Amino acid sequence: MDYDKFQKELNKDSHGDGITVGAVFAGEYTLYLLFIFGSIIIGRIYGKTLMTLFGLATLAFSLSVSPLIFKFKKENSNAINYQLFWLSIFLGAIAFCIYMTNFEFM
Amino acid sequence: MNYLPMIIIFPLIMAIIMNLLHGKENIVKYLTFLIAIILIILPFIGQYGYYYFGGFGVIDGWVSGIAYYYNPLKQVVLVVLAIIASLVLITGMGEKLKNNMFVTLSLMGFASVAAMVLADDLFNFYVFFEIISIVQVGLLFLSGTEEAYKSGLRYMIMGNIAASLMLLGIAFLLASTGTLNITDMKNYILSDNPMIFGGLLLLVVGLAYGSGLPPFHNVKVDLYARSKGFISAILQTYSKFILVGFMLIILKLFNGLSYFSGTHAVLLALGVLAMVFGVVMALLQSDYKKLLSYHAISQAGYVATGLALGTPLGIVAGIFHAINHVIYKSALFLGAYIVSHKKGSDLHKLGGLLPIMPSVAFMVLCAKLAISGVPPFNGFQSKWMLAQAAMQVNMPEIAIIMIIVSIGTFVSMMKAFYLIYLKPVDEETIKEYQSRGVPKLAVFSLFILTSLCIILGIYPEIVTKYLFSYANELGVSYCLK
């Protein structure tokens, strides 16, 4: 994950100027910070260290395939097949959370 | 006499009348201005409390027919909705083509969102949920581009799925409780059963679709980005208040019930994901309207997180942020509309607009600082309250994520400001800018909205004092272990 790699990728769309590369870098780090703080809060809500470790493993995996942000952009495509795929994942995930979990929240 | 239903009936009637005035542009313009003024008065003519359509009221202990519930919190929401709708209608008067269709759809949208905020009946809520979906696509189609039609189609395909699931959820709740009235229903869902779980699950799908939370954020962004700038302003306002109306219903029905904790976590996760996904995608954009659209999703995440916390302070902070957000984001979309009159919305083709329109640049900068949460603007006040609400329930991680997202917002907003207003351009481009005018009505609306950003930033209690009583009624105090 270095500056040149980002610039090369952004230059494909003719957007490799300094301010855009900086903004995309900020986005990349925002994603990693989400994984870190997300895994901590999930671990705390569920009261299980395993959940935090699982979250941190996700972070480690995402670091190994960095830069993450261009893959993230691809998944956020407007194509209807991507949309429907994530909708089905969403339905499965919330069904799992609501039906299968039992924890002390309040 | 209680004139509460006029908030919904008046815009609907005017929408029909406007539709009949096709081609009579001058009459449409004068009437639009008159309607814009009346819309602001409407939220003040209703009385607080329950209103039963047809006067049936409570029969044998059951509420019969459609019911609305009005209180100071809902009044504030409707006043802000009316202000934005009026300013957008006034801005739209400067457009020549299809003006009456725009007014018709905007008024239908206003009526639908007002009904969703007021509704104390799930089916009535659903009916207006459907109407607003169609209205939003109609407003998108007014831009008349091929991309707009494609986006509208995608939005409707996703809407077919989400709205059908939501209706099924309402049917589950009806089957479990025997009523559609929300106040009544609350008494019959104290203990869990699979049908109620299913109903709750499917309501969350409807919530995510209506308000543009993941995984529906991309279709929503397309909706905003492909519309004309001033139409995007009203579209994002509708979405934000749909989120508020929907969350108020979910909280009224389920907040505090032991089996709600799983869904509670899901709602929080949706809010946090919307915040982060929105801002990360915004940082990647080179189209100004797409950048603003992704920020609208990110800010919806803040609102959803605040409301999903479910505490009185969280609810107040969430609704206050929704109000602030619709004000500064409408200002930003109007700014984008003004810029598009000069040279489109591609950030890498723009630049050097500061000396051409310094007052617009200053007002847009104020709105950008407001969305980034910089004092003394309104965004700072509500983001501060949201962080406080997260800390109050012992979730500092959420407060930290909010701050990180604010930093990302600031970065992308300053990037856009530099590329549009500060970046040096050649003489030819300056001449091109000078040959094109600025829509004056949009500048007027931008001025009003920027003033509101500053006023609410300095005196937030103008709004917050009306929010606490209902938030205390709905909210539950707790602290994460």
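Residues numbered from 1 in each chain as written. Chains lettered and ligands numbered in written order. Predicted model: local features only at pLDDT ≥ 70, side-chain atom pairs only at ≥ 80, totals over all residues. Heavy atoms only, no water.

### Notes on the overall build of chain B
The helix and strand inventory of chain B stands at 20 helices and 4 strands. Relative to the compact-globule value of 23 Å for 481 residues, chain B shows a C-alpha radius of gyration of 22 Å, a close match. Expressed as a percentage of the 481 residues in chain B, the buried residues total 66%. Pairs at least 24 apart in sequence give 81% of the contacts found in chain B among residues at least 6 apart. Only carbon and sulfur atoms are counted for the fraction: they give 68% of the accessible area of chain B, which is about 15500 Å². Considering chain B, the positive charge centre built from 28 side chains and the negative charge centre built from 20 side chains are found 7 Å apart. (Helix = DSSP H or I, 4+ residues; strand = E, 2+ residues; numbered from the N terminus. Rg over C-alpha atoms; globule rule 2.2 N^0.38 Å. Buried < 20%, exposed > 50% of the residue type's maximum accessible area, 1.4 Å probe, protein only. Contact = heavy atoms within 4.5 Å. Areas by Shrake-Rupley, 256 points an atom, 1.4 Å probe, with all protein chains shown as cover. Lys, Arg positive; Asp, Glu negative; His and termini not counted. Charge placed at Lys NZ, Arg CZ, Asp CG, Glu CD.)

### Examining the overall build of chain A
In terms of helices and strands, chain A carries 5 helices and 0 strands. When its helices and strands are written in sequence order, chain A yields α-α-α-α-α. Across the 106 residues of chain A, 41% fall into the buried class. For chain A, restricting intrachain contacts to residue pairs at least 6 apart in sequence, the fraction spanning at least 24 positions comes to 56%. By element, 68% of the accessible surface of chain A is carried by carbon and sulfur atoms, the whole surface being about 5800 Å².

### Considerations on the pattern of salt bridges
All names here are of chain B. Evaluation of the coordinates by the stated rule reveals 8 salt bridges over all chains. Salt-bridge contacts for D222 lead to R226; the nearest nitrogen and oxygen are separated by 3.8 Å. Residue D222 is classed as buried on the basis of its relative accessible area, which comes to 1%. One salt-bridge network, in which partners are shared between bridges, spans E146, E147, K150, R154, D222 and R226. (Salt bridge = Lys/Arg side-chain N within 4 Å of Asp/Glu carboxyl O.)

### Section: the side chain of B:H295
Residues and elements named next belong to chain B. Along the chain, H295 turns up in helix α12 (residues 288–309). A distance of 2.6 Å separates the side chain of H295 from the side chain of S412, its partner in a polar contact. With residues near it in sequence (within four places) discarded, H295 still touches V279, A282, H325, K329, I371, T409, S412 and M413. (Polar contact = N/O pair within 3.5 Å; in protein donor to acceptor, adjacent residues only side chain to side chain.)

### Let's talk about helix α6 (residues 146–177) of chain B
Residue and element names in this part refer to chain B. Between the first and last C-alpha of α6 there are 46 Å, a value that for 32 residues agrees with the 46 Å anticipated at 1.5 Å per step. The sharpest bend along α6 reaches about 25° and sits at G159. Count one or two residues on from α6 and you reach G178, which has phi positive near 80°. (Expected span 1.5 Å × (residues − 1). Bend = angle between axes of the 7 residues up to and from the residue.)

### Overview of the nonpolar core
If you look at the biggest cluster of nonpolar residues, it comprises 215 residues, and the most contacted ones within it are B:L139, B:F216, B:F241, B:F254, B:I319 and B:Y421. Looking at this core element by element, the count peaks at 19 residues for helix α13 (residues 312–343) of chain B. (Core = buried A, V, L, I, M, F, W, Y, C linked by side-chain atoms within 4.5 Å.)

### What to know about the pairing of strand β4 (residues 67–70) of chain B
Residues and elements named next belong to chain B. Of the two faces of β4, the one carrying A67 and Y69 and the one carrying Y68 and Y70 are both buried. Where strand β1 (residues 49–52) meets β4, 4 bridges bridge the pair, whose relative direction is antiparallel. For G49, the partnering residue across the bridge sits in β4 and is Y70. (Pairing = 2+ DSSP bridges.)

### Quick look at the interface of chain A and chain B
Facing the 40 residues of chain A at the interface are 58 residues of chain B. Taking both sides of the interface into account, the surface hidden between chain A and chain B amounts to around 4500 Å²; carbon and sulfur atoms contribute 77%. The tally of links from chain A across to chain B stands at 1 salt bridge. On the surface where chain A and chain B come into contact, there are 6 residue pairs in polar contact (both at pLDDT 80 or more). Elements that contribute at least two residues to the side of chain A that touches chain B include exactly α2 (18–46), α4 (69–75) and α5 (80–100) of chain A. With 16 residues, the top contributor of residues to the side of chain A that touches chain B is α2(A). Considered class by class, the residues forming the side of chain A that touches chain B number 27 nonpolar, 9 polar and 4 charged. (Buried area = accessible area lost by both parts, 1.4 Å probe. Nonpolar A, V, L, I, M, F, W, Y, C, P; charged D, E, K, R; others polar.)

### Some details on the packing of aromatic side chains
All names here are of chain B. A complete count under the given rule lists 26 aromatic pairs over all chains for this structure. Between F129 and F246, the ring centres sit 6.0 Å apart and the planes meet at 90°, which makes this aromatic pair edge-to-face. Within this pair, whereas F129 is found in helix α5 (residues 122–141), its partner F246 is found in helix α10 (residues 229–254), the two being separated by 117 residues in sequence. Judged on exposure class, the residue F129 and its partner F246 are both buried. We note K252 situated over the ring of Y69; from NZ or CZ to the ring centre the distance is 4.9 Å. (Phe/Tyr/Trp six-rings, centres within 6.5 Å; stacked < 30°, edge-to-face > 60°. Lys NZ or Arg CZ within 6 Å of the ring centre and 35° of its normal.)

### Describing helix α8 (residues 194–211) of chain B
Residues and elements named next belong to chain B. Taking 1.5 Å of rise per residue, 18 residues should cover 26 Å, and α8 covers 26 Å from first to last C-alpha, within 8% of that figure. Burial of α8 is extensive: 16 of the 18 residues sit out of reach of the surface. Of the residues flanking the end of α8, it is G212, one or two places downstream, whose phi is positive at about 80°.

### Considerations on the state of the cysteines
Residue and element names in this part refer to chain B. Summed over all chains, the structure comprises 0 disulfides over all chains. Left without a disulfide partner, C366 is nearest to the cysteine sulfur of C453, which lies 7.9 Å away. Taking relative accessible area as the criterion, C366 reaches 4% and is therefore assigned buried. For C453, a relative accessible area of 0% puts it in the buried group. (Disulfide = S-S within 2.5 Å.)

### Describing the side chain of B:D121
Residues and elements named next belong to chain B. Looking at the secondary structure, you find D121 in the loop between α4 (99–118) and α5. In this structure D121 is buried but unpaired, with K252 as the nearest side chain of opposite charge at 11 Å. A polar side-chain atom of D121 sits 3.1 Å from the main-chain amide nitrogen of F123.

### Here we look at the packing of α13(B) against helix α14 (residues 358–372) of chain B
All names here are of chain B. Where α13 meets α14, the closest approach of the two axes is 9 Å, and the angle between their N-to-C directions is 145°. Crossing of α13 against α14: the hand is left-handed. In contact with Y328, K329, A331, L332, G335 and I338 of α13, α14 contributes V360, V364, A367, K368, A370 and I371. Within the contact of α13 with α14, the residues separate by chemical class into 9 nonpolar, 1 polar and 2 charged. (Axes fitted to C-alpha atoms, helices over the stretch in contact; angles between N-to-C directions. Left-handed = near helix turned anticlockwise from the far one by under 90°.)

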